[in-house]
Amino acid sequence: MSNFFPATEQRRRARETRSETRSETRSETRSGSGNGSPSGSPPARKDLRGDIQGLRAVAVVLVVLSHAGVRHVAGGYVGVDVFFVVSGFVITSALLRELSSTGGLSIPAFYGRRMTRLLPASSLVVVATLAGSWLYLYKARFGQYVADALSSSLYAVNIRMAATGTDYLAQNSPPSPFQHFWSLAVEEQFYLVWPLLLLAGWRLARRFALPPAVLAVPLGALCLVSLWWSVTTTADSPSWAYFGPQTRGWELGAGALVALAAGRLERLPWWVAAPATWAGLAGIGYAALRFDDATVFPGSRALLPVLAAVAVVGGGCAAGRAGAGALLGLRPATWLGGLSYGWYLWHWPLLVIGPAALHRPGSVRLALALSAVALPLAWVTMRLVENPVRFHRALRARPRRSLAVGLGITAGTVAVSLVAQLFPPAIATRGHAPSLAGTLAAAPDPEASLARLLAAPNDALPSNLTPRLEQVTSVRSPVYQDDCHVGYDATDSPECAYGDLDSTKVVVLFGDSHAAQWFEPMDRLARANHWKLVSLTKASCKVADVPVKRGSGTYTSCDTWRAHALARIAESHPWLVVTSSSDSATPAARAKDPLRQWTDGYARTFRTLRATGARVVALLDTPWPKGDPVDCAAAYPLDLRRCANTVAGSAKQPVVAAAARAAAGAQDVGVIDPRPWLCPSAGTCPVVAADTFVYRDDSHMAEGYSQALTPALGRRLSSLLATPLRTGP
């Protein structure tokens, strides 16, 4: 978002200089951000559209209220879509004015203005947020925050967020304090190419004596492609649809199309234009009030806020006093719209860091208070940081200097981030622990040795914790590295085989992510015993043939995937099938007897698997930790008892586990209960055993711990299968 008000001094410049400066002061529309120059900045011009500033105010208020958790405005995230439209309109209008007045575009001047307009404030917020993260947020995640800061500084954090969103194991991580920079990154990626395309199209139109309006044809086609991409990607890869520039470009392009059509729109009769602006404003409000986190977005749903914003902006070209500009142009709205860039930048870090800094649990009331604090911060930032750089005499009409300053600011922010990486917050340790993997591998009775280690005092992180606490969440087994564990929307799995690929003895690992967490020991057993290991796992898809909920609907892709997986298992003629899934699930249809419902569902699956002629083993769910053990251990590294769950509290849904046992007993399916491998018979379930951390997050075992359990799992499988198994090379 941008300041719509050029400085008085700039009016005295030559026409070209004034055109460039005015272009910049009108054009800096940040998604969710947007600075204006209210009082204390360059004075306003009467010929500028106050409704645009007011629309920025509406958009940023919606975003802030949504982020603060105000339930009735859960769809306030559509404010970002409104910002995209406004940005496309304002920036393109400025570029068209420059093309008309000079016959060309100064690309260096454009990028120089963008840098001096946006980087001073955004870089300040990046550095301040990094400092706040170092002081108050999760110590074990500081490396991730540094990576977020670096990608934010380089306007690439949306790509990082999209990639992280496809990582199932990272989806439940706490939000990054840099996450809101994604929308700024999308805009800058758009403007990296849009001025060049516009200039090329303008020159082609002049060469062939075509009217400038012809530029709308290729832009419209590109918008349709981007919209199509958004709709299709939303179903297949929601994170890329939400954060990707290719799926958001049409929203900026919609604003650009309005700018290209502005001349015609100005000739609309007021009785057409004015109702359009009010209808558009109502459409934005409807989306904010009716959409929520369960809404499939962006996709086709984004059409509502985007077209509504188009109606407000386009209709405002001719609506006059009868249009929504009568409301949007009021001084409080234009003042707030002028601060929207800074407010957007500051509010999110305060919402994420504030509760931790104040040692208070998050709440809507606290979030609103922190958001209110962000507003004066935005005003101070504008007065003391943004405008002094943006309107400095030394940079006026000097593109090279502006580019140099922008690059220098970016380099400085990157340098600060890299230095911070070298000095992460310290996590205390105490003592030296024995090797868990080595102890179990050498023990004649690995389960007995493990029980002794779990019962021993495990109250502090050992100095030789392997891997280090900061690395626990980043370790991925091959099923995740190879994309073999499929996401929520998949209905089939790729061909994923491990172990001895030439073996005729096929072993299948089947279930959800709580089956995938056993991949490491199963893979070691497969290699030691010359099995061909086939992995078939899907996010949150239960072994039991029971339709479950996902969000506000039924998880139908799970049922489809399960049917396909069972058919593939039958075709592979396996020797052994090991099943496992989380006990956490809500059936899509309530039953009077949940135990019977789950038992019947497990029985149907077990019968299908037994019909293949394979031996079937059900690995029951692992005990659940209390909260996120990694974050807790980083906060209390010398008092890990605060992070340990009770044995009784570690059972997620006992009825599901009981159903699995009952169905297994009826279908001649072996059962392995891993509870003794994570919890002692009494007391609490530790988060660290010997030199190994037990959990990776609030649900799954850490890869290192799972791998160390290979001897215990192999011994139990040997007993069930009545077959001696090797557990190591």
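For the structure itself, consult the block above.
Peer 1: I'd like a rundown of the overall build of the protein chain, residues and numbers included.
Peer 2: Looking only at helices and strands, the protein chain features 30 helices and 13 strands. Taking 27 Å as the expected radius of gyration for a compact globule of 729 residues, we find that the protein chain reaches 29 Å, a close match to that expectation. Reported as C-alpha extents along the three principal axes, the dimensions of the protein chain are approximately 90 × 50 × 50 Å. Put simply, the protein chain has 729 residues, and 56% of those count as buried. Intrachain contacts of the protein chain at a sequence separation of at least 6 include 82% that bridge at least 24 residues. Roughly 29,600 Å² of accessible area belongs to the protein chain as shown, and the carbon and sulfur atoms make up 60% of that amount. Between the averaged position of the 70 positive side-chain charges in the protein chain and that of its 49 negative side-chain charges there is a distance of 10 Å.

Peer 1: I'd like a rundown of the side chain of Ser-580, residues and numbers included.
Peer 2: By the element assignment, Ser-580 lies in strand β7 (residues 576-580). If near-sequence neighbours (up to four positions away) are discounted, Ser-580 is found in contact with Phe-510, Gly-511, Asp-512, His-514, Ala-515, Trp-518, Val-543, Leu-619 and Leu-620.

Peer 1: Now, about unusual backbone geometry: what can you tell me, with residues and values included?
Peer 2: Looking along the chain, the bond that leaves Phe-297 and enters Pro-298 is cis, with omega of 10°. Omega for the peptide link from Thr-466 to Pro-467 comes to -5°, which places this bond in the cis form. Locating Pro-467 in the fold gives a position in the loop between α21 (446-455) and α22 (478-481). The backbone phi angle of His-359 is positive, close to 55°, even though this residue is not glycine. Tracing the chain through its elements places His-359 in the loop between α17 (340-358) and α18 (364-390). The class of His-359 is exposed, set by a relative accessible area of 72%. In this model, Asp-483 sits at a positive phi of 60°, which is unusual for a non-glycine residue. Mapped onto the fold, Asp-483 is located in the loop between α22 and β1 (485-486).

Peer 1: Can you tell me about the nonpolar core, naming the residues and giving the values?
Peer 2: Counting residues in each nonpolar core, the largest one holds 104 residues, and the members touching the most others are Leu-55, Phe-181, Trp-182, Trp-194, Ile-284 and Trp-343. Element by element, the count of residues in this core is highest for helix α4 (residues 78-102), at 13 residues. Not counting residues up to four positions away in its chain, the partners in contact with Leu-55 are Val-82, Val-86, Leu-281, Ile-284, Val-312, Val-313 and Leu-328.

Peer 1: Let's hear about the pattern of salt bridges: which residues, and what values?
Peer 2: Evaluation of the coordinates by the stated rule reveals 25 salt bridges. Close ionic contact of Asp-668 with Arg-610 constitutes a salt bridge, the shortest N to O distance being 3.3 Å. A residue pair is termed long-range when its members are at least 10 positions apart, and Asp-668 in the loop between α28 (654-666) and β10 (670-672) and Arg-610 in helix α26 (residues 594-610) qualify at 58 residues. Two residues, Arg-696 and Glu-703, come together in a salt bridge whose shortest N-O distance is 3.7 Å. A residue is classified by how much of its surface remains accessible, and Arg-696, at 3% relative accessible area, is buried. For Glu-703, a relative accessible area of 7% gives the class buried. Sharing partners across several salt bridges, the network here consists of Asp-545, Asp-559, Arg-562 and Arg-604.

Peer 1: Tell me about the packing of α17 against α18, residues and numbers included.
Peer 2: The geometry of a pair of packed helices is captured by two quantities: the angle between their axes and the separation between those axes. It is the contact of α17 with α18, at a shortest axis distance of 7 Å, that shows an interaxial angle of 130°. Considering the angle they form, α17 stands oblique to α18. α18 is crossed by α17, and the crossing has right-handed handedness. Residues Tyr-341, Gly-342, Trp-343, Trp-346, His-347, Leu-350, Leu-351, Gly-354, Pro-355 and Leu-358 of α17 lie in contact with α18, whose contacting residues are Leu-366, Ala-367, Leu-370, Ser-371, Val-373, Ala-374, Leu-375, Leu-377, Ala-378, Thr-381 and Glu-386.

Peer 1: Could you give me a rundown of the packing of aromatic side chains, with the residues and numbers involved?
Peer 2: One pass over the full model with this rule turns up 18 aromatic pairs. Note on Phe-178 and Phe-181: the rings are 6.5 Å apart at their centroids and 35° apart in plane angle, and the pair reads as tilted. For Phe-178, a relative accessible area of 0% puts it in the buried group. Between Tyr-242 and Phe-243, the ring centres sit 5.3 Å apart and the planes meet at 75°, which makes this aromatic pair edge-to-face.

Peer 1: Give a description of the state of the cysteines that names residues and reports values.
Peer 2: Per the stated rule, a full pass over the model turns up four disulfides. Through a disulfide, Cys-632 is tied to Cys-643; the S-S separation comes to 2.1 Å. Torsion about the S-S bond of the Cys-632 and Cys-643 cystine: about -85°, corresponding to left-handed handedness. Placement of Cys-632 in helix α27 (residues 629-635) and of Cys-643 in the loop between α27 and β9 (645-646) is noted, with a sequence separation of eleven residues between them. Take Cys-632: its relative accessible area is 15%, and that puts it in the buried class. Between the sulfur atoms of Cys-679 and its disulfide partner Cys-685 the distance amounts to 2.0 Å. In this structure the cystine formed by Cys-679 and Cys-685 twists about its S-S bond by roughly 105°; its chirality is therefore right-handed. Each member of the pair, Cys-679 as well as Cys-685, carries the same accessibility label: buried. The connectivity of the disulfides in the protein chain is 1-2, 3-4, 5-6, 7-8, where the numbers refer to bonded cysteines in sequence order. Looking at Cys-223, it has no disulfide partner, and the nearest cysteine sulfur is the one in Cys-317, 17 Å off.

Peer 1: Before we move on, can you summarise the side chain of Thr-710 with the specific residues and values?
Peer 2: Within the element layout of this structure, Thr-710 appears in helix α30 (residues 710-721). Ignoring sequence-local partners within four residues, the contact set of Thr-710 consists of Pro-521, Arg-524, Leu-525 and Thr-727.

Quick notes on the rules
Residues numbered from 1 in each chain as written. Predicted model: local features only at pLDDT ≥ 70, side-chain atom pairs only at ≥ 80, totals over all residues. Heavy atoms only, no water. Helix = DSSP H or I, 4+ residues; strand = E, 2+ residues; numbered from the N terminus. Rg over C-alpha atoms; globule rule 2.2 N^0.38 Å. Buried < 20%, exposed > 50% of the residue type's maximum accessible area, 1.4 Å probe, protein only. Contact = heavy atoms within 4.5 Å. Areas by Shrake-Rupley, 256 points an atom, 1.4 Å probe, with all protein chains shown as cover. Lys, Arg positive; Asp, Glu negative; His and termini not counted. Charge placed at Lys NZ, Arg CZ, Asp CG, Glu CD. Core = buried A, V, L, I, M, F, W, Y, C linked by side-chain atoms within 4.5 Å. Salt bridge = Lys/Arg side-chain N within 4 Å of Asp/Glu carboxyl O. Axes fitted to C-alpha atoms, helices over the stretch in contact; angles between N-to-C directions. Parallel < 35°, antiparallel > 145°, perpendicular 65-115°, else oblique. Left-handed = near helix turned anticlockwise from the far one by under 90°. Phe/Tyr/Trp six-rings, centres within 6.5 Å; stacked < 30°, edge-to-face > 60°. Disulfide = S-S within 2.5 Å.

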